Every structure is written in structure tokens, then in C-alpha cells.
Amino acid sequence: MRHAKSDWSGDEPDLLRPIGARGRRQAAEAGRWLSSHLPALDVVVTSPAKRARSTWKVAGAAYSGKPVVDTDERIYTMDDADLLAVLREIDDDISSTLMVGHNPGLDELVARLTGEQVDMVTSSLAVMRLRGRWRDLAKGSCVLENFGRPPG
């Protein structure tokens with residue numbers, strides 16, 4: 001999941017930029033979508049950026065489950081290789097994970113893992129099914145099962 005639309009009205013540093021009103025609406029919609037499509041989410045791992053953590057806070061309030069939530073500094077990146085490294089460290093007993101991050105890294109990660117190009121606009125969700133184990137993630141090791149963009 002890409003973070004929700006951020007608020008550019010202040011002069012906060014990038015890491016501390018919050019989500020805006022539109023982002024809060026979209027994040028809540030994303031949480032409801034997740035509840036109806038992925039009710040058994042085990043783990044959420046977010047970027048340390050305020051807009052990413054706030055995205056999950058709002059989406060999580062609208063989500064029916066209670067996954068474990070963690071923050072990983074490596075998700076605050078533009079590089080899909082960093083994101084891949086985070087995913088490869090997930091325990092094999094975890095069946096579903098949500099990563100809340102940034103572009104262009106997320107666009108590139110989805111393309112690398114599925115071979116399909118997507119445009120991860122703010123609050124969009126790419127649902128991929130892993131064929132194999134987390135530690136074996138590689139080019140083409142996932143299938144893009146669903147892709148959604150929030151309204152508005």
C-alpha cells in the first residue's frame with residue numbers, strides 16, 4: 001500500500017509530513033477495502049514517515065482485524081531492493097503482510113515480483129500472492145491478484 005495523500009501546506013521535513021483530509025478519507029476507504037478482501041492480515045510494516053504511519057492508523061481503525069504493526073526504516077526508500085530485503089525477512093509462518101511505503105519503490109517492487117506495471121497512486125493497494133517462501137522472493141515469484149485505487 002502506498003501512503004495516503006499527504007498535506008503539503010506546512011513546511012515540515014519530508015519525514016514528518018502528515019496526511020491531509022483527502023488522505024484520511026482515502027486511508028479509511030482502504031481499511032474498509034482490506035476488511036472485505038483480506039480479513040486475515042497478520043502483519044503490517046510501515047515506513048517511519050509520519051504519512052505512512054498515519055495512513056495505517058486511519059486504515060487500521062477501519063480494518064476489521066488486529067494485525068501486528070511494526071515500523072522498518074528501510075521502507076523509507078525509493079529503492080525496490082530495500083523493500084524486497086524487508087519482505088525476505090518475514091517468518092514463513094506469516095501468511096499475509098501489508099507494507100505501507102512510498103513510490104517509486106512500490107511501483108518497482110510490484111513490477112519486479114509480478115512482471116506487471118501498476119501506478120501506485122496515494123492509498124492504492126496491490127495484492128500479490130506469493131508462490132513459495134518469503135525468503136525466496138525474486139523476479140516473477142508473485143501473482144498480482146488485485147489492484148485498487150481509492151475513490152477521489
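So, a few notes on the structure that sits alongside this text. (Residues numbered from 1 in each chain as written. Predicted model: local features only at pLDDT ≥ 70, side-chain atom pairs only at ≥ 80, totals over all residues. Heavy atoms only, no water.)

**Remarks on the overall build of the protein**
Rules: A run of H or I in DSSP becomes a helix once it reaches four residues, and a run of E becomes a strand once it reaches two; helices and strands are each numbered from the N terminus. Partly exposed residues are those whose accessible area sits between 20% and 50% of the maximum for their type, while under 20% is buried and over 50% is exposed, using a 1.4 Å probe and protein chains only. Contacts are assigned to residue pairs with any non-hydrogen atoms lying within 4.5 Å of each other. In this description, accessible areas are obtained by the Shrake-Rupley approach with a 1.4 Å probe, and a residue is regarded as covered only by the protein chains that are shown.
Secondary structure assignment for the protein yields 4 helices and 5 strands. Going from the N terminus to the C terminus, the protein shows its helices and strands as α-β-α-β-α-β-α-β-β. The principal-axis extents of the C-alpha atoms in the protein amount to approximately 45 × 30 × 25 Å. Each of the 152 residues in the protein was classed as buried or not, and the buried ones make up 50%. The contacts in the protein between residues at least 6 apart in sequence include a share of 69% that link residues at least 24 apart. Accessible area for the protein stands at about 7,600 Å²; split by element, carbon and sulfur atoms hold 50% of it.

**Points about the packing of helix α1 (residues 21-37) against helix α2 (residues 50-62)**
Under the convention used in this document: An axis is simply a line fitted to the C-alpha atoms; with a helix, the fit covers only the stretch in contact. Between two such axes, the angle follows the N-to-C directions and lies from 0 to 180 degrees. With respect to orientation, any angle under 35 degrees is reported as roughly parallel, any angle over 145 as roughly antiparallel, any angle of 65 to 115 as roughly perpendicular, and every other angle as oblique. By definition, any crossing whose near helix is turned counterclockwise from its far helix by less than a right angle is left-handed, and any crossing with a clockwise turn is right-handed. Following the grouping adopted for this structure description, the nonpolar residues are Ala, Val, Leu, Ile, Met, Phe, Trp, Tyr, Cys and Pro, the charged ones are Asp, Glu, Lys and Arg, and the polar ones are all others, Gly among them.
Packing of α1 against α2 brings their axes to within 7 Å, and their N-to-C directions diverge by 45°. Taken as axis vectors, α1 and α2 run oblique relative to one another. Crossing of α1 against α2: the hand is right-handed. Here R24, A27, A28, G31, R32, L34 and S35 of α1 come into contact with α2, specifically with T55, W56, V58, A59 and A62. Counted by class, the contact of α1 with α2 contains 7 nonpolar, 3 polar and 2 charged residues.

**Considering the packing of aromatic side chains**
We apply this condition: For Phe, Tyr and Trp, rings pair up if their centres lie within 6.5 Å, where Trp contributes its six-membered ring, and each pair is then called stacked (planes under 30 degrees apart), edge-to-face (over 60) or tilted (otherwise). Each ring is checked for a lysine NZ or an arginine CZ that lies within 6 Å of its centre and within 35 degrees of its normal; such an atom marks a charge sitting over the ring.
Scanning the entire structure with this criterion turns up 1 aromatic pair. Across from the ring centre of W8, 3.6 Å away, lies the NZ or CZ of R17, which sits over that ring.

**Comments concerning helix α4 (residues 105-114)**
Here α4 lies mainly inside the structure; 8 of its 10 residues are buried. Summarising the contacts, the buried residues of α4 are in contact with α3 (80-88), β3 (97-100), β4 (125-130) and β5 (142-148). Directly after α4, the chain includes G115, whose backbone phi takes a positive value near 80°.

**Quick look at the packing of α3 against α4**
Axis separation between α3 and α4 bottoms out at 8 Å; the angle between their running directions is 65°. With respect to each other, α3 and α4 are oriented roughly perpendicular. Handedness of the α3/α4 crossing: right-handed. Where α3 approaches α4, its residues D80, A81, L83, L84 and L87 are matched on the opposing element by G105, L106, E108, L109, R112 and L113. For the contact of α3 with α4, the residue count by class is 7 nonpolar, 1 polar and 3 charged.

**Comments concerning a positive patch on the surface**
For clarity, the cut-off: Exposure above 30% relative accessible area and the lack of any salt bridge qualify a residue for a patch; like charges then connect within 9 Å, and the nonpolar side chains Val, Leu, Ile, Met, Phe, Trp and Tyr within 5 Å. When a carboxyl oxygen of Asp or Glu lies within 4 Å of a side-chain nitrogen of Lys or Arg, that pair is called a salt bridge. Think of it this way: Lys and Arg go in the positive column, Asp and Glu in the negative one, and His and the chain ends go nowhere. A single reference atom marks each charge: NZ on Lys, CZ on Arg, CG on Asp, CD on Glu.
Taken together, the side chains of K5, R22, R24 and R25 define a basic patch exposed on the protein surface. Tracing the chain through its elements places R25 in helix α1.

**Brief notes about the nonpolar core**
What counts is decided by this rule: What is meant by a nonpolar core is a set of buried Ala, Val, Leu, Ile, Met, Phe, Trp, Tyr and Cys residues, joined one to another through side-chain atoms within 4.5 Å.
Ranked by internal contacts, the top residues of the largest apolar core, which has 21 residues, are L87, M99, L109, L113 and L137. At the level of secondary structure, the elements contributing two or more residues to this core comprise β1 (43-46), α3, α4 and β5. Residues within four places of L137 in sequence aside, it is in contact with L84, L87, R88, L113, L130 and C142. By size, the runner-up hydrophobic cluster in this structure holds 14 residues, among which are M1, A30, V44 and L98.

**Focus on the side chain of R2**
Keep this limit in mind: Here a polar contact is recorded for every N or O atom pair within 3.5 Å, except that within protein the pair must consist of a potential hydrogen donor and a potential acceptor, and residues adjacent in sequence are included only if both atoms are side-chain atoms.
Examined against the element boundaries, R2 turns out to sit in the segment before α1. Look at R2: it is buried, it has no salt bridge, and the nearest opposite charge is D119 at 5.8 Å. Only 2.9 Å separates the side chain of R2 from the backbone oxygen of M120, close enough to count as a polar contact. Leaving out residues up to four positions away in the same chain, R2 has contacts with T55, G101, N103, L106, M120, V121, T122, S123 and S124.

Read these as spatial facts, not as claims about activity.
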